[in-house]
Amino acid sequence: AVAVNTTSPLPELNGFKCKFGDQVVTAMRQDKNTISCISPSAMIKCESEHSVDVSVSLNGLQYSSSSSAAKFTYHPEYFINGLFPTSGSFGGITVLKISGEHFTGIAGKQPECYFRSNKDDSYVLIAPAQVLSAVEIRCEVPKWDIDSGGKYATVTVGSNEIVHPNSGRLRFTFH
């Protein structure tokens, strides 16, 4: 969601709108100085990073000028397609190289590696990750409780506890 703050109070009306490029979405009044809107999901399916102007309207007809418009950047959805190594010590000393595509979109947003037990879905460990390039992320495999988590974990990558549903899931084996 995008929050737009104003210096003067907003009227208590309905009809607030946000425009992302040429796509219009409904905005919600959050408090006397803030409206929020969600970027149009149709534009998220993109092959490369691109920015659009964001403008607001209090009446759905007149929008803020393009010279005062903020920018909103769309990033292509990232996904993982490889792990190296595919196994490591449950003691947690393995550095994991994760390959995939479009990782630059999560570079500045606290990227993380998630290790979810194949034995017990509730056993999940999170490790900070470092985006090295658009196609490579590294993280250190956390210490793993083999009794609680079992021998196998599903590895995913996310940012701020958000994992794209199509980001990929690969198996890591503990020994």
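As a convention, each chain's residues are numbered from 1 in the sequence order in which they are written. A pLDDT threshold of at least 70 governs which residues receive local features in this predicted model, and a stricter bar of 80 or more applies before side-chain atom pairs are shown or counted, although totals over entire chains, interfaces and linings include all residues. Calculated side-chain values reflect all of the structure's heavy atoms, with hydrogen atoms and water omitted.

### As for the overall build of the protein chain
Thinking step 1. Runs of E in the DSSP output that reach at least two residues are strands. Runs of H or I that reach at least four are helices, and both are numbered from the N terminus. Scanning the protein chain from N- to C-terminus turns up one helix and 15 strands.
Thinking step 2. Every residue pair with non-hydrogen atoms within 4.5 Å of one another is taken to be in contact. Residue pairs at least 24 apart in sequence account for 59% of intrachain contacts in the protein chain once pairs closer than 6 positions are excluded.
Thinking step 3. Each accessible area is a Shrake-Rupley result for a 1.4 Å probe, and residues are judged covered by the shown protein chains and nothing else. Counting only carbon and sulfur atoms, one obtains 52% of the accessible surface of the protein chain, whose full area is about 10100 Å².

### Digging into unusual backbone geometry
Keep in mind that most residues, glycine aside, have a negative phi and that most peptide bonds are trans.
Thinking step 1. The omega angle of the peptide bond from Phe-84 to Pro-85 is -5°, so this bond is cis rather than trans.
Thinking step 2. Even without glycine at this site, His-102 takes up a positive phi of about 65°.
Thinking step 3. Mapped onto the fold, His-102 is located in the loop between β10 (95–101) and β11 (111–117).

### Thoughts on the sheet that holds strand β7 (residues 70–74)
Two orientations exist for strands paired in a sheet by backbone hydrogen bonds: parallel and antiparallel.
Thinking step 1. If you trace the four strands from one edge of the open sheet to the other, you get β3-β2-β6-β7, paired in antiparallel fashion. Whereas interior strands pair on both sides, the edge strands pair on one side only; in this sheet they are β3 (23–26) and β7. Between one strand axis and the next, the sheet turns by 30° as a mean value, whatever way the strands run.
Thinking step 2. Note that strand β2 (residues 17–20) and strand β6 (residues 50–57) share four bridges and pair antiparallel. Whether two strands pair depends on DSSP finding at least two bridges between them. Helix axes are fitted to C-alpha atoms over the stretch in contact, other axes to C-alpha atoms as well, and angles between N-to-C directions run from 0 to 180 degrees.

### Some words on the packing of aromatic side chains
Remark: the centre distance and the inter-plane angle together describe each pair of aromatic rings, the angle taken between the planes.
Thinking step 1. Two rings from Phe, Tyr or Trp (for Trp, the six-membered ring) form a pair when their centres sit within 6.5 Å of each other. Planes less than 30 degrees apart are called stacked, planes more than 60 degrees apart edge-to-face, and all others tilted. As enumerated under the stated definition, the model contains six aromatic pairs in all.
Thinking step 2. Seen from their ring centres, Tyr-78 and Phe-103 are 6.5 Å apart, and the 50° between their planes marks the pair as tilted. Of this pair, Tyr-78 sits in the loop between β7 and β8 (79–84) while Phe-103 sits in the loop between β10 and β11, and the two are 25 residues apart along the sequence.
Thinking step 3. Burial status follows relative accessibility: with a 1.4 Å probe on protein chains alone, a residue under 20% of its type maximum counts as buried, one over 50% as exposed, and anything between as partly exposed. Looking at Phe-103, the relative accessible area reads 0%, which means it is buried.
Thinking step 4. Their ring planes at 80° and their centres at 6.4 Å tell us that Phe-115 and Phe-172 sit as a pair that is edge-to-face. Here the residue Phe-115 occupies a position in strand β11, and Phe-172 occupies one in strand β15 (residues 170–174), the gap between them amounting to 57 residues. Side by side, Phe-115 and Phe-172 carry an identical accessibility label, which is buried.

### Structural notes on the nonpolar core
Thinking step 1. The term nonpolar core refers to a set of buried residues drawn from Ala, Val, Leu, Ile, Met, Phe, Trp, Tyr and Cys, joined through side-chain atoms within 4.5 Å. If you look at the biggest cluster of nonpolar residues, it comprises 21 residues, and the most contacted ones within it are Leu-96, Ile-98 and Phe-115.
Thinking step 2. Elements supplying a minimum of two residues to this core: β8, β10, β11, β12 (124–133), β13 (136–140), β14 (152–159) and β15.
Thinking step 3. A total of three residues in this core trace back to one element, the largest contributor, which is β14.
Thinking step 4. Once residues lying within four places of it in the same chain are set aside, the contact partners of Phe-115 are Leu-96, Tyr-123, Val-124, Leu-125, Ala-127, Cys-139, Val-141, Pro-142, Trp-144, Ala-153, Thr-154 and Val-155.

### Structural notes on the state of the cysteines
Thinking step 1. Note on terminology: disulfide denotes any pair of cysteine sulfur atoms within 2.5 Å. Summed over all chains, the structure comprises two disulfides.
Thinking step 2. At a sulfur-sulfur separation of 2.2 Å, the disulfide partner of Cys-18 is Cys-37. The disulfide joining Cys-18 to Cys-37 has a torsion of about -85° about its S-S bond and is therefore left-handed. Of this pair, Cys-18 sits in strand β2 while Cys-37 sits in strand β5 (residues 34–37); the two residues are 19 residues apart in sequence, bridging distant segments of the chain. The same class applies to Cys-18 and to Cys-37, which are both buried.
Thinking step 3. Sequence-ordered numbering of the disulfide-bonded cysteines in the protein chain gives the connectivity 1-2, 3-4.

Purely geometric stuff here, so don't read any function into it on its own.
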